[in-house]
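# Architecture and fold: a report
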Amino acid sequence: MLDLDLLVIGSGPSGQRAAVQAAKLGKKVALCEHSPRLGGVCMNTGTIPSKTFREAVLHLTGLRQRHLYGQSYHVKEDVTIADLIFHCEHVLKTQAEVVRDQLRRNGISVLRGRGHFIGPHDVEVESDSGTTHLRAKFIVLATGTEAARPPDVEVDGQTVITSDNVLGLNALPRTMTVVGAGVIGIEYASMFAALGVKVTLVDKRPRLLDFVDSEIAESLSYQMRGMGATLRLGEEVDKVQVEGPQRAVATLKSGKKIVSEVLLYSVGRVGMSASLQLDQAGLEADARGRVKVDAHFRTTVPHIYAVGDLIGFPALASTSSEQGRLAACHAFGLTAASMPELLPFGIYAVPEISMVGRHEEELTAEGIPYETGIARYREIVRGVMLGDDSGLLKLLFHRETRRLLGVHIIGTSATELVHIGQAVLAFGGTIDYFVGNVFNYPTFAECYKVAALDGYNKVGRSEDAVVTEPSE
Ligand SMILES: Cc1cc2nc3c(=O)[nH]c(=O)nc-3n(C[C@H](O)[C@H](O)[C@H](O)COP(=O)(O)OP(=O)(O)OC[C@H]3O[C@@H](n4cnc5c(N)ncnc54)[C@H](O)[C@@H]3O)c2cc1C
Ligand SMILES: NC(=O)c1ccc[n+]([C@@H]2O[C@H](COP(=O)([O-])OP(=O)(O)OC[C@H]3O[C@@H](n4cnc5c(N)ncnc54)[C@H](O)[C@@H]3O)[C@@H](O)[C@H]2O)c1
């Protein structure tokens, strides 16, 4: 039996960070992982594979260069799934090494096997080579989520797939149905559409991404349709059937049938708590397998913490790793700041989207007087140079105080660019900062100045402003 200060179950970003933080405090730490590869969903089937796949799609299709060389331009004719996977495997191999090394350098014992409770401080890790009993003062649950599966048909990895199977496809299909237009559905639907696959995206909600600024969501819909995708919004998939190899049929509640070679099922994810035997520790999960925590990531059993996707929203790699670090700090009495409220969101669709702060619908609903300032990539020389003429950066700011309230971007580098706005928001800055600042030229960052000037033109110069404390 191994006696530990901290046991972490799960090696995704939240588990890694919790383990490393505790090890840095000189604690005796072990981490168990049942998958043959370390790194969790983030590294093996989720964030990193999907974002690398996207880079490979953009590069090999030559999509970014088509404004110069014409719509039929391709870096490689007939891009195959093998071409795309080659790129992904290189990145995954390098990253796997980085994670292994980091755990080793910090003296963290890594146990291979599935962990489950046999008591509030005791966990058994079961593997092919036997069972190991661990006892720990503190335990961090970082077991993440798995894709929800269709109730009526088997996910065979070729005709009916989830996001876990994309890199396992034998060939690129000619047609694909994507069920669920959440972030996963939209990212993959737009990537496959960019590859020339005829994609039909179905969602029961009437609009795409209802947490995104409506102008940005409309622009995404327009651009996806431009790549040949069909959007069936406000339509619910009732049944999925397989009528032979490469023939999936989705029947909608409206009676419509959509037939395609591959069907990607992406209607959400469920917490990986079933195998943990939570009841043995006096814990329970909700109907979606998630575990409840307090502001310090403590479960109802105070020495057991839960972090990352297992606790639900926002369920991002970025927030998960920070939650892991904060949980370990709290367990060992290290004061650490709490989770920031101002979270950026990045959606790696084609084109990419990013946002931070409030959006127009929220401000309108709350009666906050605001104004917008917009910069269009087609008027920014960097956008013209890179062939992105549809990008857009929108600033929302308080009409009276001029304080920045939100930043919404669609287009190249949106997910990087948003962090300038995030910093200004965090420090309570106004649009006058952007007007007075000098940005490198030519860059997309210049959009901030152009958008702020656009806003300036609507509300007047700062000397005319009534400076009061914001009412929001
Ligand atoms: C397709 C896709 C794309 C994504 N893209 C992004 C993105 O672009 N940006 C972003 O920020 N986030 C993205 N995410 C979300 C991100 O991957 C997750 O937020 C992140 O992986 C959560 O980390 P985690 O540590 O909570 O758990 P995970 O990464 O899910 O890791 C949990 C680990 O626990 C292991 N485990 C489970 N049960 C046990 C057990 N009983 N014993 C031992 N081990 C166990 C699992 O095998 C797994 O390795 C994406 C997710 C998906 C699916
Ligand atoms: N870039 C990123 O940050 C990123 C990328 C991918 C995934 N993620 C994470 O992964 C999580 C899961 O993403 P997801 O897209 O699987 O789930 P989701 O819950 O965000 O979206 C599921 C969608 O499926 C729709 N739906 C459900 N049942 C349906 C049916 N029968 N017919 C039609 N539509 C149906 C829902 O209306 C919803 O829009 C996200 O919450 C996010 O945290 C993040």
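Numbering of residues begins from 1 in every chain and follows the order in which that chain's sequence is written. Chains and ligands are labelled sequentially in the order written, the chains with letters from A and the ligands with numbers from 1. Reporting in this predicted model follows two pLDDT cut-offs: at least 70 for local features of residues, and 80 or more for side-chain atom pairs to be given and counted; totals over whole chains, interfaces and linings ignore these cut-offs and use all residues.

Following the UniProt record, one finds the feature "domain: FAD/NAD(P)-binding" (unreviewed entry) at residues 5-324. Helix and strand assignments follow DSSP, with helices taken as H or I runs no shorter than four residues and strands as E runs no shorter than two, numbered in order from the N terminus. The span residues 5-324 shows a helical share of 29% and a strand share of 26%, and its end C-alpha atoms are spaced 15 Å apart. UniProt positions are given in the numbering used here, feature names are shortened, and annotations may be inferred rather than shown by experiment.

Right, let's talk about the sheet that holds strand 18 (residues 345-347) for a bit. Whether two strands pair comes down to DSSP finding at least two bridges between them. On the basis of which strands lie adjacent, the open sheet formed by five strands has the order 18-19-22-21-20 and antiparallel pairing. Because the sheet does not close on itself, it has two edges, and the strands there are strand 18 and strand 20 (370-376). The mean angle between the axes of side-by-side strands here comes to 10 degrees, regardless of whether they run parallel or antiparallel. As paired elements, strand 18 and strand 19 (residues 353-357) share three bridges and run antiparallel to each other. When the sheet's bridge partners are listed, Phe345 is paired in strand 19 with Met355. Angles shown run from 0 to 180 degrees and are taken between the N-to-C directions of axes, each axis being a line fitted to C-alpha atoms and, for helices, limited to the stretch in contact.

Next up on the list: the site of ligand 1. As used in this record, a residue near a molecule or strand is one whose C-beta atom, placed from the backbone, is within 6 Å of it. By nearness alone, 38 residues border ligand 1, and Gly10, Gly12, Gly40, Gly144 and Gly308 come closest of all. Grouping the constituent residues of the shell around ligand 1 by class yields 14 nonpolar, 20 polar and four charged. Each residue is assigned to one of three groups, with Ala, Val, Leu, Ile, Met, Phe, Trp, Tyr, Cys and Pro labelled nonpolar, Asp, Glu, Lys and Arg labelled charged, and all others, Gly among them, labelled polar.

The next subject is unusual backbone geometry. Glycine aside, a negative phi is what most residues show, and trans is what most peptide bonds show. Of note, the amide linkage connecting Phe313 to Pro314 takes the cis form, showing an omega dihedral of 5 degrees. As for its placement among the helices and strands, Pro314 is situated in the loop between strand 17 (304-306) and helix 8 (317-331). A positive phi is found at Gln246, a non-glycine position, where the angle reads about 60 degrees. Of note in this structure, Ala315 is not a glycine but carries a positive phi near 55 degrees. Secondary-structure assignment places Ala315 in the loop between strand 17 and helix 8. For Ala315, a count of 18 C-beta atoms within 10 Å corresponds to the partly exposed category. To sort residues by burial, count the other C-beta atoms lying within 10 Å of each one's C-beta; a count of 20 or more means buried, 12 or fewer means exposed, and anything in between means partly exposed. C-beta atoms are built from the backbone.

Taken together, 23 residues lie around ligand 2, and Gly180, Gly182, Ile184, Val267 and Ala315 are the ones closest in. Contributing elements (two or more residues each) for the shell around ligand 2: helix 6 (183-194), strand 10 (198-203) and strand 18. The leading source of residues in the shell around ligand 2 is helix 6, at four residues. Its residues assigned to classes, the shell around ligand 2 comprises eleven nonpolar, six polar and six charged.

Right, let's get into the nonpolar core. Put simply, a nonpolar core is buried Ala, Val, Leu, Ile, Met, Phe, Trp, Tyr and Cys residues tied into one set by C-beta atoms within 7 Å. Counting residues in hydrophobic clusters, the biggest one holds 79 residues, and the most contacted among them are Ala189, Phe192, Val199, Leu263, Leu264, Ile353 and Ile409. Here the contact rule is simple: place C-beta atoms from the backbone, and any two residues whose C-beta atoms are within 7 Å are in contact. Other than its neighbours up to four places away in sequence, Val199 contacts Met176, Val178, Ala189, Phe192, Ala193 and Ala229. With 54 residues, the next largest nonpolar core counts Cys32, Val140, Leu278 and Ile304 among its residues.

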